[in-house]
Amino acid sequence: MSTTKTNLLGLDSQAITAHFAAMGEKPFRARQVLAWIHQRGAQDFATMTDIAKGLRQRLEEEAVIEAPRIVGDSVSQDGTRKWLLKVDGKNAVEAVFIPEPSRGTLCVSSQAGCTLDCAFCATGKQGFNRNLTRAEIIGQLWLAERLLTEATPKRSPAGQARHVSNVVFMGMGEPMLNLEEMIPALRLMLDDRAYGLSRRRVTVSTSGVVPGMDRLAAECPVALAVSLHAADDRLRDQLVPLNRKYPLKQLLAACNRYLERAPRDFITFEYVLLEGVNDSEAQAKALCGIAKQVPCKFNLIPFNPFRGTEFRRSSPDAQRRFAEVLQHAGLIATTRRTRGEAIDAACGQLAGRIADRTRRAELRA
Ligand code: SF4
């Protein structure tokens, strides 16, 4: 990455306006450049034909538009496309695009690795290196739109203006531990002059970082998903170690506070089904008790085994029975169709390549 020039890719509307003001340029110039970068995918100032030549030259000297470098690009049979993105000399993260008839969902990463070490998670096993910058976060969306447009210039089959209609922060990392960089990136996603995504179509997923949930609600509320995975503290302590710091009672209270400002009137609870661990009918009934405390929907995720894991995917029968207990209680529970498995792009399989500063992977070996 360049160090001397300013990377305009990560500047939200306020920041790019301030940057242009410091250059002695008017706010409308900042707005024009913002639109060139994010709406038209421009990387080269020379292509910004409605910007005065002198300013273009100055921008070339002082600024860059620099996204992570693509080092892997694979497409699975179901159309799911996964990119491995190099963010520095040592670390690469993953982003995945999942096309569906009515929408296109981009799953993005917020950190290189993760500090939290959830028991069933491939990312957690890789350890942690660093937070991604705002340019690296928004750069995943910027790149995806550019590459998908190159592949299919006609845009999506559903006729949306863009290929990506939904963004979910369910790739590598715990977004709530990187809000300093996440919030400007989220603002760009929502900004009509950039990507113009609806707050309801941008989902941040957390394993339950309570102070982060409160901050996100106050500063940039978008849809919220919570990785629940257990209905009692004893099991959740094992599966999601962060639960020892923010146990279920605190987490559920934070969910209800979040809903006061959220763009949706429910929280999505993610629940990965692990054979013989959390997939019994009694555990499904316990989840119904949680649903009485927080308006919610359940997203049941068949576990995707990865090398070295001790967990197994619940049988189709167990998955069905579990969902039925919730549904018979009047709850909305959908079982996520596993997509992109052949390219390791299904949930909990995003691993990237991390120079582990925590030495977690090494200590395990
Ligand atoms: S599930 Fe999420 S929070 Fe837990 S280790 Fe994996 S990436 Fe981190």
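Residues numbered from 1 in each chain as written. Predicted model: local features only at pLDDT ≥ 70, side-chain atom pairs only at ≥ 80, totals over all residues. Heavy atoms only, no water.

Undergrad: I'd like a description of the site of the ligand, backed by residues and values.
TA: Around the ligand, the surrounding shell consists of Cys114, Leu116, Asp117, Cys118, Cys121, Thr123, Gly124, Gly173 and Ser207. Taken together, the residues that form the shell around the ligand break down as four nonpolar, four polar and one charged. (Near = heavy atom within 4 Å. Nonpolar A, V, L, I, M, F, W, Y, C, P; charged D, E, K, R; others polar.)

Undergrad: Mind laying out helix 6 (residues 179–190), listing which residues take part and the relevant values?
TA: An ideal rise of 1.5 Å per residue puts 16 Å on twelve residues; helix 6 measures up with 16 Å between its terminal C-alpha atoms. Buried residues dominate helix 6, accounting for ten of its twelve residues. Listed in full, the buried residues belonging to helix 6 are Leu179, Glu181, Met182, Ile183, Pro184, Ala185, Leu186, Leu188, Met189 and Leu190. In this structure, the buried side of helix 6 is in contact with helix 2 (27–38), helix 5 (134–151), strand 9 (166–169), strand 10 (202–206) and helix 7 (210–219). (Helix = DSSP H or I, 4+ residues; strand = E, 2+ residues; numbered from the N terminus. Expected span 1.5 Å × (residues − 1). Buried < 20%, exposed > 50% of the residue type's maximum accessible area, 1.4 Å probe, protein only. Contact = heavy atoms within 4.5 Å.)

Undergrad: Could you give an account of the pattern of salt bridges, naming the residues involved and the relevant values?
TA: This structure, assessed with the given rule, holds 16 salt bridges. Between Arg81 and Asp73 there is a salt bridge, with its nearest N and O atoms 2.7 Å apart. Exposure remark for Arg81: the relative accessible area of 13% places this residue in the buried category. In this structure Asp73 comes out as partly exposed when scored by relative accessible area, which is 40%. The shortest N-O distance in the salt bridge between Glu136 and Arg130 comes to 2.9 Å. Put simply, Glu281, Asp317, Arg320, Arg321 and Glu324 are held in one network by salt bridges that share partners. (Salt bridge = Lys/Arg side-chain N within 4 Å of Asp/Glu carboxyl O.)

Undergrad: I'd love a proper account of the packing of helix 5 against helix 6, names of residues and values included.
TA: Direction vectors running N to C along helix 5 and helix 6 enclose 35°, while the axes themselves pass 8 Å from each other. Between helix 5 and helix 6 the crossing geometry is right-handed. Contacts between helix 5 and helix 6 involve Arg134, Ile137, Ile138 and Leu141 on the former and, on the latter, Glu180, Glu181, Met182, Pro184, Ala185, Leu188 and Met189. When the residues that make up the contact of helix 5 with helix 6 are grouped by side-chain class, the tally is eight nonpolar, no polar and three charged. (Axes fitted to C-alpha atoms, helices over the stretch in contact; angles between N-to-C directions. Left-handed = near helix turned anticlockwise from the far one by under 90°.)

Undergrad: Can you break down the packing of aromatic side chains residue by residue, with the values?
TA: Enumeration over the complete set of coordinates arrives at four aromatic pairs. Between Phe269 and Phe298 the ring centres are 5.8 Å apart and the planes differ by 35°, which places this aromatic pair in the tilted class. Of the two residues, Phe269 is situated in strand 12 (residues 267–273) and Phe298 in strand 13 (residues 296–302); the sequence distance between them amounts to 29 residues. Measuring from centroid to centroid gives 6.1 Å for Phe303 and Phe306, while their planes differ by 65°, and the two rings are edge-to-face. Across this residue pair, the class does not change: Phe303 and Phe306 are buried. (Phe/Tyr/Trp six-rings, centres within 6.5 Å; stacked < 30°, edge-to-face > 60°.)

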